[in-house]
Every structure is written in structure tokens, then in C-alpha cells.
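# Observations on the three-dimensional arrangement
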Amino acid sequence: MAGIHHVTAIAGDPQRNVDFYGGLLGLRLVKRTVNFDDPGSYHLYYGDALGRPGTLMTFFPWPGAPSGRRGTGQVGVTAFSVPVEGLGFWVDRLRAAGVELDGPTRRFEEEAIAFADPDGLVLELVASRSADRGAPWEGGPVPAEHSIRGLHSVALWVEGYERTAHVLQTLGLQASGDEGNRFRFHGLAGPGGVADLLCMPEKARGQTLAGTVHHVAWRASDEAEQLAWRTSLAAEGLNVTPVLDRIYFRSIYFREPGGVLFEIATDPPGFTTDEPPESLGRSLRLPPWLEAHRERIEQALPPLAEPGAAGPG
């Protein structure tokens, strides 16, 4: 049964991104590397203390990138889990930083607040009992008892319903309820175990640029499970890529019938494969095939300081 491995979005200024996610939201910057397909830009990974699957939010920051448009064929909202007793803390913290909030609102017996990051990417914090299964990062700027515990869910915006729902069920997620045009699916227990499918035929197609999600990745426990899913998905007529080496996991990609780009990523080997836990995210890591170009790559990338708390400005 699958859950979310990570969500990858597009940002503008990388330092502003680090300050917001690492400073204000208190996630750990667990890996600073480059986009393997575009090594002139960063790929930044945030998560818990070790960057465990189910806690990861990642970004391709492209300075000066124009804003995208949320619409169908995208992840419209990415939600994180926080302890049930911690939502008031987050309301105060975000408002003090000048972040505009929507809510709290109640959905599926849980309360959530919605807000946008500096690039306009829409996020939610959900006060959820599932947060109890996540481990707080003790070394972050947010008190551990209130800290984000990982991903809660993604909201998939699609024009229709049935074909996307069928793919989710092929991946092992089970339908668990609905509210209006929102259909909920549950996968693995713990961080990243929920996907909401929103049927939105009135929405225009999304445009994937700054402030929008590029793709959502689902978890495979190992390469054998990944290959089994690849076989099942290809049998469904979906155009699935070969397995790609992302160093910290292995990946396959396909676009589900509603237009959302899906990835299936393996849990291993993880982010400590090329640096120890205590120094995760502090230096630029490159895959072996790019090491020979390190000097040129480092000169092209903008400098990146440690996170500082930042609002939306």
C-alpha cells in the first residue's frame, strides 16, 4: 500500500525558499543538490531529521521564474501534519510573520489552516492524530512539541474522477470517504498517508511554473515493488519511464489520466548515503557524473545561507 514519498514544487528565489521552509516552517534542509536534469539550478529537499519518506517537500528554485497557474492536472494543495494541540501555535507564528491565513476549517473531522508560501504555493497545516506517528526534529527553530511531523496529504485537482481514482487504487490507496467534490483515499499509516481527489470540471488547466507543484511521488518499499508497479501501470496503458537513478532513491514517472505527474520513488537508500546525519544539507552534494563539473556548477549557482525565519515578502 502506497503513501506519499515527496512532493516537488517550483520556486523562485532559493534563499527566500530556504528561509521560509527551513526558518519559518522549521523543516530541516536535508539535502542541497542540483536538478539532475538541469544542473544549473538547485534541488532543495526539506523534511524531518533524516529526510524520511513521507516528510519530504522538495523544490526546483528558478530565480526570476514567472508565476504559474493552479488548475486541473496538478496538485492544488500540499498539506503537512501538526499535533492536534499545536494549531494555535501555528496561527500565532504565521500571523506574526505576516502570513495571511484562511481558517481554521474543519474537514473529515480534522481542522486545517491554509496559507501561501512566498511564491504563492498553497499549503495547509492539518491538526491530525496521524502527526503522533511522526518524529519531531529536535534541532529546528520550532519547539519540538509543535513542529511539523511530515506530510499529511495532497489535493489532486482533476477534471473528472474515475480514471484517476482507478490509478490511486492500483497503487494500493483505498477510498475512505467523501465531502462534496472531495474524495479521500488512504494509503500507508503515518506521514503522507492521505490523498484527496477533487473533481473540478469548472477549473482551467494548470500551468506549471513558480508557485505550483511539479509532481507528487509515491513510496515503493524497494526496487522490486517499484518494478512490479511499473509492470501493472504499463499494463493499464500508462506511459511509464524506465527506472532513473536519483542517488537517494530510484524513480519512475508517468502522467496519470487526469494530467498530474506521478513518480514512484523507492524508500532506500536515503539521504545519509553521501553525508552523515549531523551534517545533512550543509554543503552542495553532486551525483558522481557531475563531480567533474563541480567548479562550473558552483559558480553558476547563487550563494545559499543557513535558514532564517522569513514571512511571505
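These numbers come from a predicted model, not from an experiment.

### Quick look at the overall build of the chain
Of the regular secondary structure elements, the chain holds 5 helices and 16 strands. Expressed as lengths along the three principal axes of its C-alpha atoms, the size of the chain is roughly 50 × 45 × 35 Å. Going through the 313 residues of the chain one by one, you find that 55% of them count as buried. Here the chain carries 28 positive and 39 negative side-chain charges, and the mean point of each set is 1 Å from the other.

### A closer look at the sheet that holds strand 5 (residues 74-82)
Taken in spatial order, the 8 strands of this open sheet run 6-7-8-5-9-12-11-10, and their pairing is mixed. Of all the strands in the sheet, the pair left with one neighbour each is strand 6 (102-107) and strand 10 (174-179). Adjacent strand axes in the sheet meet at a mean angle of 25° when their direction is disregarded. For strand 5 and strand 9 (residues 150-158), the ladder comprises 7 bridges, and the chain directions are antiparallel. Among the inter-strand pairings, Thr 78 is bridged to a residue of strand 9, identified as Val 154. With respect to the sheet, helix 2 (residues 87-96) is in contact with strand 5, strand 6, strand 7 (110-116) and strand 8 (122-127), its orientation differing from that of strand 7 by roughly 15°. Strands in contact with helix 3 (residues 162-170) are strand 9, strand 10, strand 11 (182-186) and strand 12 (194-199); relative to strand 11, the strand with the most contacts, it is inclined by about 10°.

### Notes on the nonpolar core
Membership of the largest hydrophobic core comes to 76 residues, with the highest contact counts inside it found for Leu 25, Leu 125, Leu 171, Val 216, Trp 218 and Phe 262. Counting residues per element, this core draws most heavily on strand 13 (residues 213-220), which supplies 5 residues. Among all residues touching Val 216, those that are not within four sequence positions of it are Ile 4, His 6, Val 7, Val 75, Val 154, Leu 156, Val 260, Leu 261, Phe 262 and Glu 263. Val 122, Ala 155, Trp 157 and Met 200 belong to the second largest nonpolar core, which has 6 residues in total.

Quick notes on the rules
- Residues numbered from 1 in each chain as written.
- Predicted model: local features only at pLDDT ≥ 70, side-chain atom pairs only at ≥ 80, totals over all residues.
- Heavy atoms only, no water.
- Helix = DSSP H or I, 4+ residues; strand = E, 2+ residues; numbered from the N terminus.
- Buried < 20%, exposed > 50% of the residue type's maximum accessible area, 1.4 Å probe, protein only.
- Lys, Arg positive; Asp, Glu negative; His and termini not counted.
- Charge placed at Lys NZ, Arg CZ, Asp CG, Glu CD.
- Pairing = 2+ DSSP bridges.
- Axes fitted to C-alpha atoms, helices over the stretch in contact; angles between N-to-C directions.
- Contact = heavy atoms within 4.5 Å.
- Core = buried A, V, L, I, M, F, W, Y, C linked by side-chain atoms within 4.5 Å.

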